[in-house]
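One-letter residues, chain by chain:
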Amino acid sequence: MKQLALVLFAVLALCGCETVEPWERGVLAKREMQWQTDPRESSLQAQIFASKEASSGGQGAAGGGCGCN
Amino acid sequence: MADRQSALLALTSSALLLPAYQGVRADAPPDFTELGMRYSKYEEDNTQGSKTFGGSSERYEIDAAQFHLLAPVLDDWSVAVDLQWEDMSGASPWFVGQSLDGGPKVIMSGASIEDTRTEVSVTTRYYYDRGNAGFNYVHSDEDDYESDAVALDGAFNSADGMTTYSAAVSTSHDDISPTQGSVPTNTLNDDKDSSSAWVGVSRIISKNAIVRFGLAYTYRDGFLTDPYKKNDRRPDEREEWVLGTGYRHYFIWPDGALQADYRYFDDDWGVASHTLDLAWHQNLGERTQLIPFLRYYSQSEADFFANVANTDQRYFADDYRLSAFGAVSGGLRLRHEIGDWALSAVGERYETDESWGVFSGDESPALVNFWRYSLGLDYRFR
């Protein structure tokens, strides 16, 4: 998996993306284009899934635990 | 152990060298103060009578309230305070036994467990020309569990603003003191520690699209066994790796955006998983958004999992959460703004089945299905 991660990072760093000037980025600032559109909703969902499944994390800092069953 | 520490150190060092990312809007403090509250109801389906000894049984039900305050401070800072309060009741699987017909059946914990949880989270964030950096502290308190966690994160934009690099490190300490009386517990008092590091990079790929990749490493150490499960003894260390990708694409017609995220998880307990999240964010005029979403999840079973645990082994568990299964969940979010007020509503259904997974394994009789509903209200002081 580490090799796959390095390949993905390299592809992203080298990709020939078109240059988008600052005044052309209005759409990218829209709410629906953010990685987290509703942080409270995201944190609640992450907490529920982490308490019902064996996997968690991957979206930034890990945060604290709970005794959720 | 030395390898694990050097892996975490290497990732942490890389994280500190890399610039980082939060979002296109993230490099200036908010120009408003936001106050919000949300109520959520979480309700698991009863266990099926055919899968339990003793007939159908109620499972968990949780009421959760969240309160949120975000405010700019001075010229370049913001402070966020989040409070979460939960009231939990119900029963959970205690162990799995062999029935006379040969199939595994679950024995529930019997008497209803009652507990409350309170979580306080404080985040301060500093914004500078090319990015931002944040510090977060979280304290969580239950009758039988207490947790403290701190995290640092940072974001740095490239000179042309096309690429954002991000990183985060966190550590937590949890104390476990199981409530006595309902079922015998695996410990009276114990603790565990977790450390994690995450690096990510996002890039604008067109006027309408953005993509990102992230890599996370987590090391857990201490009492990782479930204190309330009869047949449960787990290793006291766990290493986890997560690879995540995300994609956002805005379509001028029909004024909506596709949100796609994929996560691959792998650990040294033998668990691997795939998670795919898809959402369509549809704008209906200037103030209303309708967001249908769908999630697919599949995990393999832990090396020491068995439906009927072999307690002669060094490690064993019959916990359905360590079994191989697939899960599909989906729902609808609605957001509507009225002036400086924003109303949000969510309905979600989660269903599991061993046959939906891409990994093979025996079906656990304790797999869970649930409903979740949320209602929220936010106000912005401008």
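Each value, and the rule that gives it
Residues numbered from 1 in each chain as written. Chains lettered and ligands numbered in written order. Predicted model: local features only at pLDDT ≥ 70, side-chain atom pairs only at ≥ 80, totals over all residues. Helix = DSSP H or I, 4+ residues; strand = E, 2+ residues; numbered from the N terminus. Buried ≥ 20, exposed ≤ 12 C-beta atoms within 10 Å, placed from the backbone. Contact = placed C-beta atoms within 7 Å. Nonpolar A, V, L, I, M, F, W, Y, C, P; charged D, E, K, R; others polar. Pairing = 2+ DSSP bridges. Expected span 1.5 Å × (residues − 1). Arc of directions from axis to C-beta. Core = buried A, V, L, I, M, F, W, Y, C linked by C-beta atoms within 7 Å. pLDDT = per-residue confidence, 0-100.

Some points on the overall build of chain A
Reasoning step 1: Along the backbone of chain A there are 2 helices and 0 strands.
Reasoning step 2: Among the 69 residues that make up chain A, the fraction classed as buried is 46%.

As for the overall build of chain B
Reasoning step 1: When its secondary structure is counted, chain B shows 1 helix and 20 strands.
Reasoning step 2: Here chain B, with 382 residues, has 41% of them falling under the buried criterion.
Reasoning step 3: Taking the intrachain contacts of chain B between residues at least 6 apart in sequence as the baseline, contacts between residues at least 24 apart amount to 60%.

A closer look at unusual backbone geometry
All names here are of chain B.
Reasoning step 1: Of the consecutive residues W253 and P254, the connecting peptide bond is found in the cis state with omega at 20°.
Reasoning step 2: Within the secondary structure layout, P254 lies in the loop between β13 (237-251) and β14 (256-267).
Reasoning step 3: Even without being glycine, L74 reaches a positive phi, approximately 55°.
Reasoning step 4: Relative to the helices and strands, L74 resides in the loop between β2 (61-73) and β3 (77-90).
Reasoning step 5: At D255, a residue that is not glycine, the phi angle is positive and equals roughly 60°.
Reasoning step 6: If you trace the backbone, D255 turns up in the loop between β13 and β14.

Some points on the interface of chain A and chain B
Reasoning step 1: At the interface, 43 residues of chain A touch 79 residues of chain B.
Reasoning step 2: Within the residue set of the side of chain A that touches chain B, elements represented by two or more residues are α1 (2-14) and α2 (39-52) of chain A.
Reasoning step 3: Looking at side-chain class alone, the side of chain A that touches chain B contains 21 nonpolar, 12 polar and 10 charged residues.

Considerations on the pairing of strand β11 (residues 209-222) of chain B
All names here are of chain B.
Reasoning step 1: Here β11 lies mainly inside the structure; 11 of its 14 residues are buried.
Reasoning step 2: Bridge count between strand β10 (residues 190-206) and β11: 14 bridges; the pairing is antiparallel. Within β11, the position partnered with W198 by the bridge is A216.
Reasoning step 3: Where β11 meets β13, 13 bridges bridge the pair, whose relative direction is antiparallel. Of the residues in β13, the one forming a bridge with F213 is T245.

Section: α2(A)
Reasoning step 1: Over its 14 residues, α2(A) extends 20 Å from the first C-alpha to the last, a length consistent with the 20 Å expected when each residue adds 1.5 Å.
Reasoning step 2: Among the residues making up α2(A), those that are buried are A:R40, A:E41, A:L44, A:Q45, A:Q47, A:I48 and A:K52. One side of α2(A) carries all its buried residues, which in axial view fall inside an arc of 160°.
Reasoning step 3: Against β1 (33-44), β2, β19 (341-353) and β20 (370-381) of chain B lie the buried residues of α2(A).

Points about the nonpolar core
Reasoning step 1: Within the largest apolar cluster, 27 residues are counted, with the highest numbers of intra-cluster contacts made by B:A168, B:W198, B:A216 and B:A302.
Reasoning step 2: Counting only elements with at least two residues in this core, the list comes to β8 (145-157), β9 (163-176), β10, β11 and β13 of chain B.
Reasoning step 3: The contacts of B:A216, once residues within four sequence positions are left out, are A:G57, A:G58, B:S196, B:A197, B:W198 and B:V242.
Reasoning step 4: B:A64, B:W94, B:Y228 and B:Y350 belong to the second largest nonpolar core, which has 24 residues in total.

Here's the deal with the pairing of β3(B)
All names here are of chain B.
Reasoning step 1: As defined by bridge partners, β2 adjoins β3 across 13 bridges and the pair is classed as antiparallel. When the bridges of β3 are listed, A71 appears paired with V79.
Reasoning step 2: Sheet topology places β3 next to strand β6 (residues 113-128); 14 bridges connect them, and they run antiparallel. Following the sheet pairing, M88 is matched in β6 by D115.

Things to note about the environment of B:R372
Reasoning step 1: Relative to the helices and strands, B:R372 resides in strand β20.
Reasoning step 2: Classification of B:R372 by C-beta neighbours within 10 Å gives buried; the count is 21.
Reasoning step 3: The residues contacting B:R372, other than those within four sequence positions of it, are A:I48, B:S40, B:K41, B:Y42 and B:E348.

Details of the environment of B:A279
All names here are of chain B.
Reasoning step 1: Along the chain, A279 turns up in strand β15 (residues 272-284).
Reasoning step 2: Residue classification places A279 among the buried positions, given that 21 C-beta atoms sit within 10 Å.
Reasoning step 3: Distance from A279 to A257, taken between C-alpha atoms, is 8.3 Å for residues 22 residues apart in sequence.

Points about the environment of B:A216
Reasoning step 1: Position of B:A216 among the secondary structure elements: in strand β11.
Reasoning step 2: Remark: the alpha-carbon pair of B:A216 and B:S172, spanning 44 residues in sequence, is separated by 16 Å.

Looking at the confidence of the model for chain B
Close inspection of predicted coordinates is inappropriate in any region flagged by low pLDDT.
All names here are of chain B.
Reasoning step 1: On average, residues of chain B carry a pLDDT of 91, and 92% of them reach 70 or more.
Reasoning step 2: Predicted confidence is poor over residues 8-26, with pLDDT under 50, and the contacts of this stretch with residues over four places away or in other chains come to 51 contacts.
Reasoning step 3: Here the predicted complex carries an ipTM of 0.91, next to a pTM of 0.91.

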